[in-house]
Amino acid sequence: MSRIIGIDLGTTNSCVAVLDDRGQPEILAGADGERTTPSWVSWTPQNQVSVGIRARRQGVTNAAATVFGAKRLIGRKVNADDVSWFARLAPFRIVAAPNGDAWVRVNGQPISPQEIAAHVLRRMRAIAEEALGEPVTRAVVTVPAYFDDAQRQATRDAGTIAGLDIIRILNEPTAAALAYGAHRASSGRRVIAVFDLGGGTFDISIMSVDNGIFEVLATGGDTALGGEDWDRRFLERLVDEIFDKHRVDLTTIPMAISRLREACEEAKKQLSTQNEATIALPFLANDHSGAPINYDRTVTREHVEGLTKDLLDRLEAPCLRALADAGLAANQVEEVLLVGGMTRWPAVQATVERIYKRKPSKGANPDEVVAAGAAAYAGILSGDADDAALLDVTPHDIGIRVGDSQFAVVVPRNSMLPVRARRVFATTAENQKFVSIELYQGESTEVAKNRKLGQITLDDLPPGPPGSVRVELVITVDVESLLSVVARESKTGRQTTVTIRPSGGLSAREIVEIIARRREETSVANFPPIDPNSGGVRVTTREHMVAKPDDEE
Amino acid sequence: MAAGALSIKLRCASWQQLSTIYRRDLSRGAMFLKASTPPTVGTEVRIDLTLPSDTVITLTGVVEKHVVDPARGSGVELRLAPIPESSVWLIESALASESKVRAKTDAVGGAVPVSTTPQQTGVIGSLTDGEDVALAERELVAALGSEVESLKKLNPFLVLGVGYEAADADVRAAFGELTKRYHPDRFARYQSTDLRQTAAEIFILIRDAYRKIGDEVSRAQVLQQLGRTPSPRAVPNPRATPPPVPRPPIKRPPTADPSAPPVARTGPVATIPSHQPERPTPNPTVPLPNSQSQPVPSIREQPGPPARPTPKPQMPPEQRPVPNLQTERRPVLASPPPLDSLDPSQLDDMLDSGRIDDALAAFKVLSKKQPTDRTFRAGIELCEGLRSLAQRDRLEAAQRFEAALEIDPSNERAARELAEMRRQATNERKGLLSRLMGKKE
């Protein structure tokens, strides 16, 4: 039986795992023994693509054509606050696609983040195929719990482009809890908090683990807060210092900013365990007289902590809200699990301890636990692990526009999936002919601040004064977070149904075009191409086929 | 798809096979199907092509003409509708990786035998398999569907199978057990989306029940609505008050024999040697997965004897000793009370201890005395149903239980028995499907 791989598609690093024969998650290492792969993609001037550590190495010499952090852009609009912040300091260009999505421009070509993520996914798939010795077509891919439908769909589209059948999108903290709980003897119900601060996103999930049942009680977070923000804060300060001293703006010199960025990240890692780190970058740039700037500076942990204090503060509100949503007090959380590289930062750990009033556990490897959990979930889906089940929730409120600008919630956030919710609405006008129901996702009471999911119209309403006609709305969200909506007028029973297909920004046609390009590039010389319009030639095979009437379809 | 369209499951056991199909068929937008009784030209055909990695790609096509090939017999040629680019890419990239992986193992091992006629391997078996799987999936959907119907009639306590005096932990444990069985993820490995949807319906019912009685406050409310106070007498709870008989009210011991009667209602049970009882009549609402005795109209031609034995669709009741119940003589409690002076709790006791014939007699007497009381008439149906169940006549039993509920919708025992029968039917079909798919249960 072929295996389903679990992929942690991270902002900075990605990781792939599979269940071994004993049902234990196993991290699959690449050819050089690397267990995680940088989520970096680089293009040479000849448009040769490299992925992973090789791409990352080009980050300095080929900065403008080396892309990282695509996960921050995927399924996002270019005018979102954090996207523009990210764009300001990114050494590559971030541009707006015709629909306003954030894309990057490399070698003069606009490239969607989906395509970049697809390169990383394909690399992870290749690592798995090498390790397993068989083709892999199915994967469970993790995303931050707080990703909205557009970001999730965009990630799915990336899988399609990579030739992967993504059978399920799994939330990262849930994956971490699964990996964590899977190898623990059941000892009654435990409430745990999974605190996941990765490269680009922050997620907090409160879960209960009880005899193989993993139930998410509440989830929250910030899709635009992660380790790279610490790097960036630090980097900005150093850039300012250099500007003050030498009057040189490093943000205009891609190679210099890339070197400095690398050095900042390295220094941050050192400062997680030491109090001091030195950044030494000879010939970083030239000043206005043409003399080289040999940068050499010692930084202390205290200094960086001072620069990033407000980032720590942003961690608190989502944690408290998740607790409130779960109906629990901080001291009812029995264990706090740390996930994501940034949780190695001492000040982050101190913040976690302050919020939950207990020391967080550091048992699991924060870089690998998510991929391991994805593999464990793949085992549940394939039926290999049958004593566990995962009960996940909707991360955002789902509702409709009422009146001019209000948001009426139908499915509250943190509802256990699958879920079905009903709500009855009334017409607002005399002899109203139809209602147009617009569905939104988000937390704001103002509908404009939430994200539109789709629309459904119910017409031919019976005449009557305002409020006399009742429309019942039933929203069903399945385990894959797919939404179906039924609107029914109570008296006549007239109804319409719509299944909402989330859009990740790329149209089906665009995805097909990207795939077609990829098919051309990839050597599939062994296989004659499929011409969808052909059909003139008939060839029979020796396959014995069985067919039978099927009345049910 | 229009009625009359054909649905075919085609499983590729190896990448080699897929490669062959790709070259010969897919790449030319056509497909040859062998068929002894070919469908008419213009028939729509849907093919679920399962890759060796278990990804399913759906192809659609139309029968274009009938052909007779001297080597392969008669069949039809399909013109395939355009295959989505993403599916093509999935196949191509998998084949590309496969050839890369194989090239590598060839280079390393040197002696990996590559079959020269890969297209002849294993296809027949997996195709037959595919058909059985499709049938088994549909039957499982039907079984789950009737479970949805019966669960809808139950109150939250009965949905979860807990007693009215259950505590938080009991409710949670019951919910956890049912979740492991009915969460849609448990059905993710099957191809049928109907399966997942129906399972989701059941899960939503289970989850709603859990939400209603998951904590003490809401549980008290529900109890009040049901007109009950938490009393251990209401329904014997398997956990709180272990009944003197080994049979808990809802959860039967997981017997592999689906049609075995509910075991051991009485103390001493006679065992009859295994003879050949009649095969239970299929219940129309939950048809038995009896693929052997139902020749499916097919355009297949079975080439010679089947390539591999068809998996036994039903674990045969005839192979195990069947505990015999009410029909046998057995020790009865000394001097039963006069039948017409029984109160409901005594009747409950009778049923609990499996004295169905006694209870039936009592219900009959009581019903004659008070012909307007629905409880007693429902009780008669219930007892008849239990008797039928003991005789493994599940069709009759189901009808009796339904009749009991019709007369008296508050008859919990009937509702419970019905739900339990449906649950067992589901389990059987799940087991069958798992066996067909070569998975452990």
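None of these values were measured; they are calculated from a predicted model. (Residues numbered from 1 in each chain as written. Chains lettered and ligands numbered in written order. Predicted model: local features only at pLDDT ≥ 70, side-chain atom pairs only at ≥ 80, totals over all residues. Heavy atoms only, no water.)

### What to know about the overall build of chain A
In step 1: A count of helical and extended segments in chain A gives 12 helices and 28 strands.
In step 2: Its C-alpha atoms put chain A at 80 × 65 × 55 Å along the principal axes.
In step 3: Taken across its 553 residues, chain A has 59% of its residues classed as buried.
In step 4: Look at the contacts in chain A between residues 6 or more apart in sequence, and 64% of them connect residues 24 or more apart.
In step 5: Within chain A, the 74 negative side-chain charges are centred at a point lying 2 Å from the centre of the 64 positive side-chain charges. (Helix = DSSP H or I, 4+ residues; strand = E, 2+ residues; numbered from the N terminus. Buried < 20%, exposed > 50% of the residue type's maximum accessible area, 1.4 Å probe, protein only. Contact = heavy atoms within 4.5 Å. Lys, Arg positive; Asp, Glu negative; His and termini not counted. Charge placed at Lys NZ, Arg CZ, Asp CG, Glu CD.)

### Re the packing of aromatic side chains
Residues and elements named next belong to chain A.
In step 1: In this structure the tally under the stated criterion is 10 aromatic pairs over all chains.
In step 2: Plain terms: the ring middles of Phe195 and Phe202 are 5.0 Å apart, the flat faces sit at 55 degrees to each other, and that makes the pair tilted.
In step 3: Residue Phe202 is classed as buried on the basis of its relative accessible area, which comes to 0%.
In step 4: Counting every residue linked through ring pairs, the aromatic cluster contains Trp40, Phe68, Phe86 and Phe92. (Phe/Tyr/Trp six-rings, centres within 6.5 Å; stacked < 30°, edge-to-face > 60°.)

### A closer look at the environment of Ser7 of chain B
Residues and elements named next belong to chain B.
In step 1: Position of Ser7 among the secondary structure elements: in strand 1 (residues 6-11).
In step 2: Given a relative accessible area of 10%, Ser7 falls into the buried group.
In step 3: As a C-alpha pair, Ser7 and Leu382 span 375 residues in sequence and 42 Å in three-dimensional space.

### Quick word on the environment of Thr155 of chain A
All names here are of chain A.
In step 1: Counting through the fold element by element, Thr155 comes out in helix 4 (residues 149-161).
In step 2: It is 8.5 Å that separates the C-alpha atoms of Thr155 and Ala118, two residues lying 37 residues apart in sequence.
In step 3: Residues within four places of Thr155 in sequence aside, it is in contact with Leu9, Ile74, Leu121, Val141, Val143, Phe147, Ile166 and Ile169.
In step 4: Within the local environment of Thr155, its side chain forms a polar contact with the backbone oxygen of Gln151, the two atoms lying 2.8 Å apart. (Polar contact = N/O pair within 3.5 Å; in protein donor to acceptor, adjacent residues only side chain to side chain.)

### Quick notes on helix 4 of chain A
Residue and element names in this part refer to chain A.
In step 1: The terminal C-alpha atoms of helix 4 lie 18 Å apart, and with 13 residues this matches the ideal 18 Å at 1.5 Å per residue to within 8%.
In step 2: Within helix 4, 12 of the 13 residues are buried, leaving the element largely enclosed by the surrounding structure.
In step 3: Measuring from the backbone nitrogen of Ala150 back to the side-chain oxygen at the start of helix 4 gives 3.1 Å, which picks out Asp148 as the cap.
In step 4: Of the residues flanking the end of helix 4, it is Gly163, one or two places downstream, whose phi is positive at about 75 degrees. (Expected span 1.5 Å × (residues − 1).)

### Describing the confidence of the model for chain B
Residues and elements named next belong to chain B.
In step 1: Averaged over all residues, the pLDDT of chain B is 70; the fraction at 70 or higher stands at 64%.
In step 2: Every residue in residues 109-129 is under pLDDT 50, and counting partners more than four places away or in other chains gives 33 contacts.
In step 3: Taken as a whole, residues 231-334 scores under 50 in pLDDT and shows 197 contacts with residues more than four places along the chain or in a different chain.
In step 4: Predicted as a complex, the structure gets a pTM of 0.79 and an ipTM equal to 0.83. (pLDDT = per-residue confidence, 0-100.)

### A few points about the sheet that holds strand 9 (residues 102-106) of chain A
Residue and element names in this part refer to chain A.
In step 1: Overall, antiparallel pairing links the 3 strands, which are arranged 8-9-10 in an open sheet. Sheet topology places strand 8 (93-96) and strand 10 (109-111) at the edges, where each strand pairs with a single neighbour. Neighbouring strand axes in the sheet, compared pairwise and without regard to direction, differ in orientation by 45 degrees on average.
In step 2: Bridging between strand 8 and strand 9 involves 4 bridges; their strand directions are antiparallel. Residue pairing for strand 9: Arg93 is matched across the bridge by Arg105. (Pairing = 2+ DSSP bridges. Axes fitted to C-alpha atoms, helices over the stretch in contact; angles between N-to-C directions.)

### Regarding unusual backbone geometry
Residue and element names in this part refer to chain A.
In step 1: Cis geometry is found at the peptide bond from Leu417 to Pro418, where omega equals -10 degrees.
In step 2: Topologically, Pro418 is positioned in the loop between strand 21 (406-411) and strand 22 (419-426).
In step 3: A positive phi angle, near 65 degrees, is found at Asn47, a position not held by glycine.
In step 4: Mapped onto the fold, Asn47 is located in the loop between strand 5 (41-43) and strand 6 (49-51).
In step 5: One non-glycine residue with positive phi stands out, namely Asn414, at about 65 degrees.
In step 6: By the element assignment, Asn414 lies in the loop between strand 21 and strand 22.
In step 7: Exposure remark for Asn414: the relative accessible area of 13% places this residue in the buried category.

### Here's the deal with the packing of helix 10 (residues 374-390) of chain B against helix 11 (residues 394-407) of chain B
Residue and element names in this part refer to chain B.
In step 1: Following both chains from N to C, one finds helix 10 and helix 11 inclined at 170 degrees, their axes separated by 8 Å at the closest point. Relative to helix 11, helix 10 is oriented roughly antiparallel. Where helix 10 crosses over helix 11, the two elements pack in a sense that is left-handed. Residue-level contacts link Arg374, Arg377, Ala378, Glu381, Leu382, Glu384, Gly385, Leu386, Ser388 and Leu389 of helix 10 to Arg394, Glu396, Ala397, Arg400, Phe401, Ala403, Ala404, Glu406 and Ile407 of helix 11.
In step 2: Residue classes in the contact of helix 10 with helix 11 are distributed as 9 nonpolar, 2 polar and 8 charged. (Parallel < 35°, antiparallel > 145°, perpendicular 65-115°, else oblique. Left-handed = near helix turned anticlockwise from the far one by under 90°. Nonpolar A, V, L, I, M, F, W, Y, C, P; charged D, E, K, R; others polar.)

### Some words on empty space enclosed by the protein
Residues and elements named next belong to chain A.
In step 1: Counted under the stated rule, the structure contains 15 cavities of 30 Å³ or more.
In step 2: Considered as a void within the structure, the largest cavity measures approximately 120 Å³ in volume.
In step 3: Around the largest cavity sit 15 residues that line it, and Leu9, Gly10, Ala70, Lys71 and Ala117 are the ones nearest its centre.
In step 4: Elements with a contribution of two residues or more to the lining of the largest cavity: helix 3 (113-132) and strand 11 (138-143).
In step 5: Residue contributions to the lining of the largest cavity peak at 3 residues, all from helix 3.
In step 6: Class assignment of the residues belonging to the lining of the largest cavity gives a composition of 8 nonpolar, 6 polar and 1 charged. (1 Å grid on protein atoms, 1.4 Å probe; cavity = no way out; pocket = protein on both sides within 12 Å on 5 of 7 lines; lining within 4 Å. Points joined across faces, edges and corners; volume = space filled by probe spheres on them.)

### Describing the sheet that holds strand 18 (residues 335-339) of chain A
In step 1: In spatial order, the strands read 18-13-14-15-19 (chain A); together these 5 strands make up an open sheet with mixed pairing. With one partner strand each, in any of the chains shown, strand 18 and strand 19 (389-391) of chain A form the two edges of the open sheet. The sheet shows a mean angle of 25 degrees between the axes of neighbouring strands, direction not considered.
In step 2: Pairing analysis gives 9 bridges linking strand 14 (residues 202-210) of chain A to strand 15 (residues 213-222) of chain A, with the strands arranged antiparallel. Its bridge partner lying in strand 15 of chain A, Met207 of chain A is registered against Val216 of chain A.
In step 3: Relative to strand 19 of chain A, helix 5 (residues 168-182) of chain B is tilted by about 110 degrees, and along the sheet it contacts strand 14, strand 15 and strand 19 of chain A.

### Here we look at the pattern of salt bridges
It is possible for side chains of opposite charge to pair when their charged atoms get near one another.
Residue and element names in this part refer to chain A.
In step 1: Summed over the entire model, instances satisfying the criterion amount to 56 salt bridges over all chains.
In step 2: The residue Arg190 makes a salt bridge to Glu335 at a minimum N-O spacing of 3.0 Å. With a gap of 145 residues between them, Arg190 in strand 13 (residues 190-197) and Glu335 in strand 18 connect regions that are remote in the sequence.
In step 3: Of the residues examined, Arg190 reaches a relative accessible area of 29% and is grouped as partly exposed.
In step 4: Among the ionic pairs, Glu316 bridges to Arg354, the shortest N-O distance being 3.3 Å. In this pair, Glu316 is assigned in helix 9 (residues 309-326) and Arg354 in helix 10 (residues 346-356), connecting sequence segments 38 residues apart.
In step 5: Residue Glu316 is classed as partly exposed on the basis of its relative accessible area of 26%. (Salt bridge = Lys/Arg side-chain N within 4 Å of Asp/Glu carboxyl O.)

### Topic: the packing of helix 9 (residues 356-369) of chain B against helix 10 of chain B
All names here are of chain B.
In step 1: Packing of helix 9 against helix 10 leaves a shortest axis separation of 8 Å and a crossing angle of 155 degrees. The orientation of helix 9 with respect to helix 10, classified from their angle, is roughly antiparallel. Judged by the twist between their axes, the crossing of helix 9 over helix 10 is left-handed. Along the contact surface, helix 9 presents Ile356, Asp357, Ala359, Leu360, Phe363, Lys364, Leu366 and Ser367, while helix 10 presents Thr375, Phe376, Arg377, Gly379, Ile380, Cys383, Glu384, Leu386 and Arg387.
In step 2: Grouping the amino acids of the contact of helix 9 with helix 10 by side-chain chemistry returns 9 nonpolar, 3 polar and 5 charged.

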